[in-house]
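What follows is the residue order along each chain.
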Amino acid sequence: MFRYGFFAIGLCLLLTSAFSQAPSQIDGASVVGFWSNAANPNEHFELRADGQFSIAENGQHHEGTWDLQGKTLALHFSASSVGKAQWDGQAFIDNEQKRWVRATLTSTAQNQSTAPPSASAGTTSAAQGQSGDQKASLQERLTSQFKLTKTTNDRKDIVTAGSVLVLQKDGLVMCSVDAKASPTNTYKNGAVSWGFGAKMAWGMALGAAHEEQQASDIPQRRFVAGEKFWVTGFTIQEDGVVSKFYSDPYQDVRYYGQLKFPFPKHTMPPADEELKTIAEAVTVQPDDNAAGNAPQQAQQQPVMAPIPPPPPPPDAPPPPPKTISLGQTRDQVVAIFGQPQKVVNLGTKEIDYYPDMKVTLIRGKVTDVQ
């Protein structure tokens, strides 16, 4: 997708006519003309002889200027947002390995190219028709299923740990928390994508937030299925749900980003259906809920009453009470209370069960005692 992938790597078009502003040929053939995604003809772009381009992808429409640099096509969405694509001799290949091939501008595609304004109006109308009860129901379900993590204002550390999410699909792009804005990925048709249009939007957001920040200078990481991170928020928009993620440090760099789940046909589905779609991409790692009944069951088993120790001599002071404090290490807790009866290990989060308390540790330090 151009907006969500295509121009992160490349484009190329065949001979129509050359324009004087910049080279317009690769291997002797002009790139001016109409191109479409070989796997999805509804996604397409057009390079015009006047140096302008337009692209329709994922229901989005963008325009800008283009030029050739050898066999690399550069699309300029703005002064700071430029996407590039490589010619492989037959087609343009983007960063998601999509092939963009020469195509004929059909009436259907032409209508789709000019559809964004009316589509936008339709989206607004559909959103206005959605009941407040439906949105409230979805918000309630999201809040109950995903416990949010709270971070410090500078996003450098966790204040309160929430649900740990497990990524089920490859390709989620997040950036360093030092960035003033985070990239927004999209989950659609069973895949996570972050394409050229998304990169353009991120670059523009960075420019608006901080003039000195450039997307190319910010550390980025592509997460794959099986990796884990935290969820810090959900936003229900008119056309979809946007989730916000936050990672543990990787080589001293924490990452954050967003994943959008667009509503089918811009219409909010029932909460159950939307949660099923979200679960295709991310799931909550089970915490102590499943194991929480184990200590209670153990208490129901008949056990011998412990033999009380002999009373201390009258002149001996009573032993000091055992204490536990936030911030203590696991070794300190074990030294005071002994080994726990049960341990639930959730990666950076660990829950130790004692006969009369539950100790929660994050990265080896006590954060909660119940």
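Everything numeric in this text was worked out from a predicted model, so none of it was measured.

A. Just the sheet that holds strand β22 (residues 342–346), in detail. The sheet built from 4 strands is open, its strands ordered β22-β23-β24-β25 with antiparallel pairing. Only two strands of the sheet have a single partner each, and these edge strands are β22 and β25 (365–369). Across the sheet, the axes of successive neighbouring strands diverge by a mean angle of 25°, strand direction being ignored. Here strand β24 (residues 357–362) pairs with β25 via 4 bridges, running antiparallel. Each residue of the ladder has a partner; that of I362, found in β25, is K365. Running at roughly 5° to strand β23 (residues 349–354), helix α8 (residues 330–337) makes contact with β22, β23, β24 and β25 of the sheet.

B. Focus on unusual backbone geometry. Positive phi values are uncommon outside glycine, yet N189 reaches one of about 55°. Following the sequence through the fold, N189 ends up in the loop between β15 (184–188) and β16 (191–193). The exposed category is assigned to N189, whose relative accessible area is 72%.

C. Just the confidence of the model for the chain, in detail. Across the chain, pLDDT averages 78, with 76% of residues at or above 70. Contacts of residues 1–21 to residues separated by more than four positions or lying in other chains number 136 contacts, the stretch itself having pLDDT below 50. Contacts for the low-pLDDT stretch residues 106–130, under 50 throughout, to residues beyond four places or in other chains number 19 contacts.

D. Layout of the nonpolar core. One finds L138, L142, F146, L172, F229, F245 and L259 to be the most contacted residues of the largest nonpolar core, which totals 26 residues. Among the elements of the structure, α3 (132–145), β13 (164–167), β14 (172–176), β18 (228–236), β19 (240–246), β20 (255–262) and α5 (271–281) are those that each provide at least two residues to this core. Look past the residues within four positions of L259 in its chain and what remains in contact with it is L172, N185, T186, Y187, V192, V241, V242, S243, F245 and A281.

The rules behind the values
- Residues numbered from 1 in each chain as written.
- Predicted model: local features only at pLDDT ≥ 70, side-chain atom pairs only at ≥ 80, totals over all residues.
- Heavy atoms only, no water.
- Pairing = 2+ DSSP bridges.
- Helix = DSSP H or I, 4+ residues; strand = E, 2+ residues; numbered from the N terminus.
- Axes fitted to C-alpha atoms, helices over the stretch in contact; angles between N-to-C directions.
- Contact = heavy atoms within 4.5 Å.
- Buried < 20%, exposed > 50% of the residue type's maximum accessible area, 1.4 Å probe, protein only.
- pLDDT = per-residue confidence, 0-100.
- Core = buried A, V, L, I, M, F, W, Y, C linked by side-chain atoms within 4.5 Å.

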